[in-house]
Amino acid sequence: MKNIRNFCIIAHIDHGKSTLADRLLEYTKTITEREQQAQVLDNMELEREKGITIKSHAIQMDYTAQNGERYVLNLIDTPGHVDFSYEVSRAIASCEGALLIVDATQGIQAQTISNLYLALGNDLEIIPVLNKIDMDAAMVDEVKDQIVDLIGCDRDEIIAASGKTGQGVEDILEAIVARCPAPKGDEDAPLQALIFDSVFNSFRGVIAYFRVMNGTIRKGERVKFFNSGKEYDADEVGVLKLKMVQRNEVRAGDVGYIISGIKSSADVQVGDTITSVANPCTTGIEGFEEVKPMVFAGVYPVENDEYEELRASLEKLRLNDASLTFEPESSLALGFGFRCGFLGLLHMEIIQERLYREFDMDVITTVPNVSYNVYTSKGDMISIHNPSGLPEPTLVDRIEEPYIHAQIITKTDYLGNVIKLCMEKRGTLKSQNFLTTDRVEVNFEMPLAEIVFDFYDKLKSISRGYASFDYHQIGYKISALAKLDILLNSEPVDALSALIYKDHAYDFGRKMCEKLKELIPRQQFDIAIQAAIGAKIIARETVKAVRKDVTAKCYGGDITRKRKLLEKQKKGKKRMRQVGNVEVPQSAFLAVLKMD
Ligand code: GDP
Ligand code: MG
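Conventions and cut-offs
- Residues numbered from 1 in each chain as written.
- Chains lettered and ligands numbered in written order.
- Predicted model: local features only at pLDDT ≥ 70, side-chain atom pairs only at ≥ 80, totals over all residues.
- Heavy atoms only, no water.
- Near = heavy atom within 4 Å.
- Polar contact = N/O pair within 3.5 Å; in protein donor to acceptor, adjacent residues only side chain to side chain.
- Helix = DSSP H or I, 4+ residues; strand = E, 2+ residues; numbered from the N terminus.
- Phe/Tyr/Trp six-rings, centres within 6.5 Å; stacked < 30°, edge-to-face > 60°.
- Lys NZ or Arg CZ within 6 Å of the ring centre and 35° of its normal.
- Salt bridge = Lys/Arg side-chain N within 4 Å of Asp/Glu carboxyl O.
- Buried < 20%, exposed > 50% of the residue type's maximum accessible area, 1.4 Å probe, protein only.
- 1 Å grid on protein atoms, 1.4 Å probe; cavity = no way out; pocket = protein on both sides within 12 Å on 5 of 7 lines; lining within 4 Å.
- Points joined across faces, edges and corners; volume = space filled by probe spheres on them.
- Nonpolar A, V, L, I, M, F, W, Y, C, P; charged D, E, K, R; others polar.
- Axes fitted to C-alpha atoms, helices over the stretch in contact; angles between N-to-C directions.
- Parallel < 35°, antiparallel > 145°, perpendicular 65-115°, else oblique.
- Left-handed = near helix turned anticlockwise from the far one by under 90°.
- Contact = heavy atoms within 4.5 Å.
- Pairing = 2+ DSSP bridges.

S.K.: I would appreciate a short explanation of the site of ligand 1 in the present structure.
M.R.: Within the structure, ligand 1 sits among 16 residues, and Asp14, Lys17, Thr19, Asp134 and Gly163 are positioned closest to it. Between ligand 1 and histidine 15, the relevant distance is 3.4 Å, taken from an oxygen atom to a main-chain nitrogen or oxygen of the residue. Interatomic distance of 3.0 Å between a backbone N/O atom of glycine 16 and an oxygen atom of ligand 1. Considering every element that reaches the shell around ligand 1, the biggest residue donor is helix α1 (residues 17-27), with 3 residues.

Here is the structure:
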């Protein structure tokens, strides 16, 4: 155990975590040149395209240090997005050390700090790395000052590196060996292994990744998952090189995988403890939480008769993504579909994209919303995941909505703008803290619903890209909310209803009508768009009728061109839904996201 080192890499997005990880793998010859492919750890197709790490993975390296000793280094990669912060926290809990990477051209950003706090909360040894020093724009001295201020280290503890040129890579490996503590744990104690991730394999079922805290996990033994209570046979255990390598046992301190015939990701919860049935531990590893979806949206098939197919696709997706939830729902406007729960907006985008790519499902997604706690006048609490499910106002005593703690780091020049934006989004300023003379950290409490829409884009634009942002949920608070309905030619469209903060409802209704007017194409009759709270109409717009002959432009001449045009129009219609007598495009159901 004394020659094992478990570490993770934490960084703000784009600061070079994946690139540097690749350099470490190359240097330790964990990957051969043939296998070399930029950013090996990001192996889902989507991850590659988006250039982000969606799920965490682990990889083991062998390293012979300058002192002549051989070490096993387990690198645990963490996802770089707030949607997956629980997984980040479990990955961090599996390590003794963390490389804190800061881009020398950007300096410390919000996720640098939020991840650092997570790491410090788990008593990890922090090894600061100043990355991208090959770039002309690198502000080496200035960013070193920032790091010293932030973590209170000595200047010479900061390793200057470049994931591009490979500079500093050996220093990093030596620092991991020298500064990161060896794992502690008792190989002879009852087994306690922390699950920090799992992946689904269509041939082998679920593969769970773990860090053994105490005891030894052996091939063939009967194991139990502490929190779920489920028992399985450990059909295969091993360590994670670039590929899985089977072992007869994995001992305390080490990182490995287990395959045990589990068919659904839902049966393996990140944060759960694996123990042995013969000699079980008495307590699970601290910090286990059930991950709850934060954002909900209706997902409907474009073609009504694809409902069953959509259900089958969602069920398959859930096998390898347990954080996706769904339940059947019906909408007057959209017919039969599902209300899906997601970890956040990125997660929602990923699911939608995977439905399309892996299952060839074209879906209409409604406006995302958060979940509300509704207390009825009878004293019951119901959890509402869809604004149209809100009981009659007379039956509602009060409504609570989820709040977050938001942490924003900005250049001082934009502080005014940032505070103004957060106040508009119903934020309360909690603290502000100057990191240097021209960079400041501000902390707000605000409703999650306010950041679900376009907060991040707005923050970026008012700060010219300089502000960075991170958040975590802090619980529910009472809010004055009203249900806003949209009517098209007097028919309420349930899929467009939203719960809005009362003081913002008029403004919201007006903007919503304006946006819908832009998005709904002109048809052969006038379309009245109205916003209403209860029976009261608060805004109205009209889409004027048009009598459009789509083939008129073809001058009756070229028949193939005419056909092409008609086909193109049919395709364009695919993501349209008939609501009453009005054709409504998919974009209209997401109008809220595009309002300014
Ligand atoms: P991550 O989001 O932290 O994983 O960041 P990536 O590793 O994906 O890097 C983000 C971008 O910065 C990519 O375009 C990399 O090619 C680039 N990059 C990463 N490290 C360096 C470096 O040391 N020097 C330079 N010039 N570019 C780098
Ligand atoms: Mg990455």
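S.K.: Sorry, what's going on with the packing of aromatic side chains here?
M.R.: Think of a pair of aromatic rings as described by two things: how far the centres are apart, and how the planes are tilted against each other in angle. Considering all chains together, one arrives at 8 aromatic pairs under this definition. Pairing tyrosine 456 with phenylalanine 469 gives two aromatic rings, centres 6.2 Å apart and planes at 35 degrees, and the pair type is tilted. Here tyrosine 456, found in helix α11 (residues 455-462), pairs with phenylalanine 469, found in strand β26 (residues 468-479); they are 13 residues apart in sequence, far enough to count as distant. Here a set of aromatic residues connected by ring pairs shows up, and it is made of Tyr307, Phe326, Phe336 and Phe338. Taking NZ or CZ as reference, arginine 398 lies 3.9 Å from the ring centre of tyrosine 375, over its face.

S.K.: I keep staring at the pattern of salt bridges and nothing clicks. Help me out?
M.R.: Close approach of charged atoms lets side chains of opposite charge pair. Following the criterion strictly, the structure yields 31 salt bridges and no others. Arginine 222 is the partner of glutamate 231 in a salt bridge, and the nearest nitrogen-oxygen pair spans 3.4 Å. Judged by its relative accessible area of 36%, glutamate 231 is partly exposed. Classification of arginine 222 as partly exposed rests on a relative accessible area of 37%. Where glutamate 329 meets arginine 339, a salt bridge forms, and the shortest distance between an N and an O atom there is 2.9 Å. Of this pair, glutamate 329 sits in strand β18 (residues 325-331) while arginine 339 sits in strand β19 (residues 335-342); the two residues are 10 residues apart in sequence, bridging distant segments of the chain. On the basis of relative accessible area, glutamate 329 is assigned to the buried category, the value being 12%.

S.K.: What's the story with the layout of surface pockets in this structure? I'm lost.
M.R.: Over the atoms, a rolled probe matching the size of one water molecule traces out where space is still vacant. Considering only enclosed or pocket space, the second largest pocket measures out at about 1,000 Å³ in volume. The wall of the second largest pocket is formed by 40 residues, among which Ser85, Tyr86, Met294, His472 and Gln473 lie closest to the centre. Secondary-structure elements contributing two or more residues to the lining of the second largest pocket are α3 (85-93), α4 (110-121), β23 (396-411) and β26. Residues of the lining of the second largest pocket, tallied by class, amount to 17 nonpolar, 17 polar and 6 charged.

S.K.: How do you make sense of the packing of α3 against α4 when you look at a structure like this?
M.R.: Angle between the axes and distance between the axes are the two parameters that describe a pair of packed helices. Contact geometry for α3 and α4: axes closest at 9 Å, N-to-C directions at 40 degrees. The angle between α3 and α4 falls in the class oblique. For the pair α3 and α4, the sense of crossing is right-handed. From α3, Val88, Ser89 and Ile92 reach across to α4, where they touch Asn115, Leu118 and Ala119. Among the residues forming the contact of α3 with α4, the class breakdown is 4 nonpolar, 2 polar and no charged.

S.K.: Help me understand α1 in this model?
M.R.: Side chains that are three or four residues apart share a direction in an α-helix, a result of its 3.6 residues per turn. Taking burial as the measure, the 11 residues of α1 include 8 buried ones, the bulk of the element. The elements touched by buried residues of α1 are β1 (4-11), β2 (58-64), β3 (70-76), β4 (97-103), β5 (125-131) and α6 (169-179).

S.K.: How should I be thinking about the pairing of β4 in this particular structure?
M.R.: Every other side chain in a regular strand lies on the same face of the sheet, so the side chains alternate between the two faces. Within β4, 7 of the 7 residues are buried, which leaves it mostly tucked inside the rest of the structure. Alternating residues of β4 divide into Gly97, Leu99, Ile101 and Asp103 and Ala98, Leu100 and Val102, and every residue in both groups is buried. Bridge analysis of β1 against β4 gives 5 bridges, and the strand direction is parallel. Residue pairing in the sheet places phenylalanine 7 in a bridge with glycine 97 of β4. When β4 meets β5, the two strands line up parallel, connected through 7 bridges. Its bridge partner being in β5, aspartate 103 is matched across the sheet by asparagine 131.

S.K.: Just checking my understanding: could you explain the sheet that holds strand β6 (residues 159-160) for this structure?
M.R.: Backbone hydrogen bonds hold the strands of a sheet together, and the pairing may be parallel or antiparallel. Read across the open sheet, the 6 strands follow the order β2-β3-β1-β4-β5-β6; overall the sheet is mixed. Two strands bound the open sheet, and with one partner strand each, they are β2 and β6. Pairing of β5 with β6, which is carried by 2 bridges, proceeds in the parallel orientation. Pairing of leucine 130 across the sheet is with alanine 160, part of β6. Helix-sheet contacts for α1 involve β1, β2, β3, β4 and β5, and the interaxial angle to β1 is about 150 degrees. Lying on the sheet, α4 is in contact with β1, β4 and β5; it crosses β1 at an angle near 150 degrees.

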